[in-house]
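# Observations on chain architecture
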Amino acid sequence: MDSSEQNIHNEDNKGPIRSSIQYANGDILRLQFSSNEDNFAERDFNVFGKDFTLSVPSADHLTKILSTFYEDYRVDFNPKLDDLKQRSWELKRKINKTESFYGLGDKPLTLDLRGRKLMNWGTDTYAFPYAADPLYKNIPFFISVTDSACHGIFVNNTFKLNFDFGASDDNLTISAPGGMIDLFIIPGSSPIEVITKYTLLTGTPELPPLWALGYHQSKWSYVPEAVISHIAVEFRKLMIPCDCLYLDIDYMDGYRVFTWDKEKFPNPPHLVNSLESSGFKIVAIIDPGIKIDADYLIYVEGMENDYFVKDAEGENYIGPVWPGYCHFPDFTRDEVRKWWAEHVRKLFDSGIDGVWNDMNEPALFNKDDMIQTQRTFDDNVVMDFEGHPGLFSEGHNIYGMRMSEATFDGAKAVKNKRPFVLTRSTYAGGQKFASVWTGDNAASWEHLKIANYQCQMLSISGFSFTGSDVGGFVGEPDGELYVRWLQLALFHPFYRTHSSKDFGDQEPWSYGDEWTNAARSVIEWRYRLLGYIYSTFKSYSESGIPMIRPLSIIHWDETSKKRQFDEFYFGDALLVTPVMEPKQSGSWVDLPIGDFYHLGSGQYFEGGNLVFIKNDFQVAPALLVGGHVLPIWPVMQYTGQKPITEVELWCGFTEISKMKSVMYLDEFDGYEYKEGQYVQIDFEYLYADNSIEIHCTSDGSYVSKIQKYVFKLFLNNSVPKSVNIDSNQTTFNFENNMLIFEFNKVPKLIRIEF
C-alpha cells in the first residue's frame, strides 16, 4: 500500500505511535495508528466499495494533518499484551457542548447517542429490551453534528469496539482490545452528504428484483408443504397482495443446511413451481452450523477439505446450534466462500428465489440444555484470514458479513436473476451483499417504536435495505398493533411479517374481518407506492443517499428537530407520520417548513406548525412534500401480475421553487438496465408569477408499457386557469382542491397558470 509513515512521539501517549496518512475517495482523511511492536498491515475483508481509491497527501501537509489531529485527539496503546497476545488501544477527544451523535446501525434506542456507552460485538439477543446492547450488527460508523458543522467517523476495526459518547465523562472515547486504529474522518456540508460519502466508501448494493420490495410473509415455520400452500391460497382468496413466502429451519432434514426434509417436502421443485404459478417467490433460510454427521455430504466435504474454524488446539471447533453439535465454515477463506457459494447456487436448482442467513453472529446454544443464548465462539478460536491466521476475537464481527457475501455470490451465479439475500448479522460494507432485518423483536408498542428507531439508524449507517419483523417475532400482537406496524413498515424497504411458532398466527387475516380489511388496504398502499420505492432505491444504489432520512439528520441545524424521532422522510417526496401509541387516531407532528398533503385524504398542512395528523387504519401514514412528483401504480396482487399500463403522478402545490423528483423504470429483474435498458424521468418543479412549470427530461432506451398518465395536483385554495402540455392547452378537471389532467406520454414541459 502506498502510504507515508512516520513515528510520532506525543507526551500524552504511552510510547511511540506509528502512523499512516492517506486520502480515500478524494477528501476522506484516513489515519492509521499502531504501536511500533505491532504488525502494521491491514486485513482485506471486502469492506470497501468498487470505486475505493487512495492517495497520499503532499509531504508538507503530513505534519500539519497530524498536528491538527493531536490537538483534538489523544491516542493510547496499552504497552502490555493480554492473554490473547493483543494490545488494546484508546482514542479520545472532548465533546462539544452542542454535539450530537448518530449511527452505529441497529442500536434499539432513540437516535441521538450522546450520553450512551455502546459496543460492537454481534450478539443474538432474543426479545431484546429498549437500549439493549450489543445486538446483531457491527457497524462502526457514526456522525458528529454540532449547531454549525458535521463530520463522520468510520473506525475500520473488527475487534470488540467500545464507544463512549460522554456516558463516563465529557469525552468521546473509542477503544478496542486489539488491532490497529484505522480511522476515516468524513467531511461534509450536511449529515446527508457525510452519509452518502460513507456509503459510497463502503459500497452500495445492486438494484434488487422488484419482488424483493413487495410484501413478504414468514413464520417459524410453515411446514409441511400443505401449510405453506394453504397460506398462499388464503392470500389470493382474500386478495391481500403478497410477493414472497419464507421457509424457516424446519424445511431441512434435521436442520442440516442445503437439505430438504423429504417427508415434509417430498418434491420441492414441484411445490415451488406451484407457488410461483400463483405469483409467489420463495426464500429459504440457511444457517452457518454444519451438523457433525459422517453421512452428511456437506459435513464430509468440509472435513475432507479442512474448511472449518479451529479451536486453540487446532481441532475443528465444536458448538451446539439447531442441528445439535456442529462445525462452522471459516468464511475468512476464499476457497470456503466459493464452496459455500456453489452449494447456494445448487439450492436454487430447486426453484427458490432468495436466501436468508440467520444465526450468523455466530450464535450458539447452551451445551447442557441446548437453549438459545447470547453465546458465541471462544475468543481463542483460530480463523484463516486468507492464509494469515488470527483469532476469532478479530473475526467475530465480520463472520456474518462474509457468510452473506458468499451467499450473495452463489445467488448471483443464477443467470439473469438479481440476487436477494437477507442477513441478521453483518459489518460495515455488508450492504453490498444483503438486506437486513432487526432480529428477534417483540410484539409490543415499545418495540414498534424501537423498530422505527432501528430502521432510521440502519439507514443512516449505510443499510437502507432494512426492516423489522412486522408485529413482533416474540409474543402476540392484537389487531391494532399489527396494523399500526404494517403502516410504519410500509416505509421500510424490507417489508415482512415474521413470527415465532411458540405463539399464535400472525397473518394479515388473523385478527378478524375489521383488521383484515385494514391490513389489506395498508398492504395495497405498498403496491401503489412501489414505483416510488423502486426509484428511491435506485438513487440509493447509485449515489449512496439513504432511503430513510431522520428529521434530525435532514433538519440538523434546527434545534426543534433534534429530538423529533418518530417522523422521518422516505426519499425526497414523503414525510412519514406513523402512529406510535395505542388507541390513538393520529399524532401531533411539529412540521418542518414547507407545504404538505396527506396521502389518504389530500388534506393540506402548512409547515412550521404543530399539527394533529389523523391516520385511520386503512391509510398510508405519510404526507406528500409539496413540489415533488410521486408516481402511483395500480394495485396488484404481486409484482408482475400484469403490465403497468397506467400511472398516476401526484404533486402538491407549493411556492417553494426548484424541487426535483425522479421516476425510474426497467424490467425489474436481470441486468439489461446496465446496458441502457432503463428509463429515468427527472421532474423539476418551478414556481414563479402565479404559475407552475414542471420540466421533464428522460434518459435511457427502455420503452415502458405505460400508455396513460393521470396527473393529480393537490392544491390549497388556488384555482387553476389553464394547463398547457408542451405548449398545447389541455382540458382538466378541478374539484375539492384537486387538479386532474391526462397525457399518454411524458412531455417535456407542463405549465399550469393560476
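See the structure shown above.
Figured I'd write up the structure that's included with this text. (Residues numbered from 1 in each chain as written. Predicted model: local features only at pLDDT ≥ 70, side-chain atom pairs only at ≥ 80, totals over all residues. Heavy atoms only, no water.)

To summarise the sheet geometry, strands pair through backbone hydrogen bonds and adopt either a parallel or an antiparallel arrangement. Taken together, five strands build an open sheet; the order of strands is β38-β39-β43-β47-β46 and the sheet is mixed. Looking at which strands have only one partner, the edges of the open sheet turn out to be β38 (629-632) and β46 (733-735). Strand after strand, the sheet turns through a mean of 20° between neighbouring axes, direction not considered. In terms of strand pairing, β38 meets strand β39 (residues 646-652) through four bridges, oriented antiparallel. By the bridge assignment, I632 is partnered in β39 with E648. (Pairing = 2+ DSSP bridges. Helix = DSSP H or I, 4+ residues; strand = E, 2+ residues; numbered from the N terminus. Axes fitted to C-alpha atoms, helices over the stretch in contact; angles between N-to-C directions.)

Attention now goes to empty space enclosed by the protein. If you walk through the whole model with that rule in mind, you get four cavities of 30 Å³ or more. In this structure, the largest cavity occupies an estimated 140 Å³ of space. Along the wall of the largest cavity there are 15 residues; nearest its centre are P205, E206, P419, F433 and F465. Broken down by class, the residue content of the lining of the largest cavity amounts to 11 nonpolar, two polar and two charged. (1 Å grid on protein atoms, 1.4 Å probe; cavity = no way out; pocket = protein on both sides within 12 Å on 5 of 7 lines; lining within 4 Å. Points joined across faces, edges and corners; volume = space filled by probe spheres on them. Nonpolar A, V, L, I, M, F, W, Y, C, P; charged D, E, K, R; others polar.)

Attention now moves to the environment of D112. For D112, the location among the structural elements is in the loop between β7 (100-103) and β8 (117-120). Expressed as a C-alpha distance, the spacing of D112 and S144, which sit 32 residues apart in the sequence, is 9.9 Å. Those residues within four positions of D112 in sequence are excluded, and the remaining contacts are S100, F101, Y102, R563 and F565. At 3.0 Å, the side chain of D112 and the side chain of S100 are in polar contact. (Contact = heavy atoms within 4.5 Å. Polar contact = N/O pair within 3.5 Å; in protein donor to acceptor, adjacent residues only side chain to side chain.)

If you check helix α6 (residues 334-347), its first and last C-alpha atoms are 20 Å apart, about what 14 residues at 1.5 Å a residue would give, namely 20 Å. When we look at burial in α6, the residues that qualify are V336, R337, W339, W340, A341, H343, V344 and L347. Residues of α6 that are buried sit in contact with β16 (281-286), β17 (290-291), α5 (297-304), β20 (354-357) and α7 (392-412). (Expected span 1.5 Å × (residues − 1). Buried < 20%, exposed > 50% of the residue type's maximum accessible area, 1.4 Å probe, protein only.)

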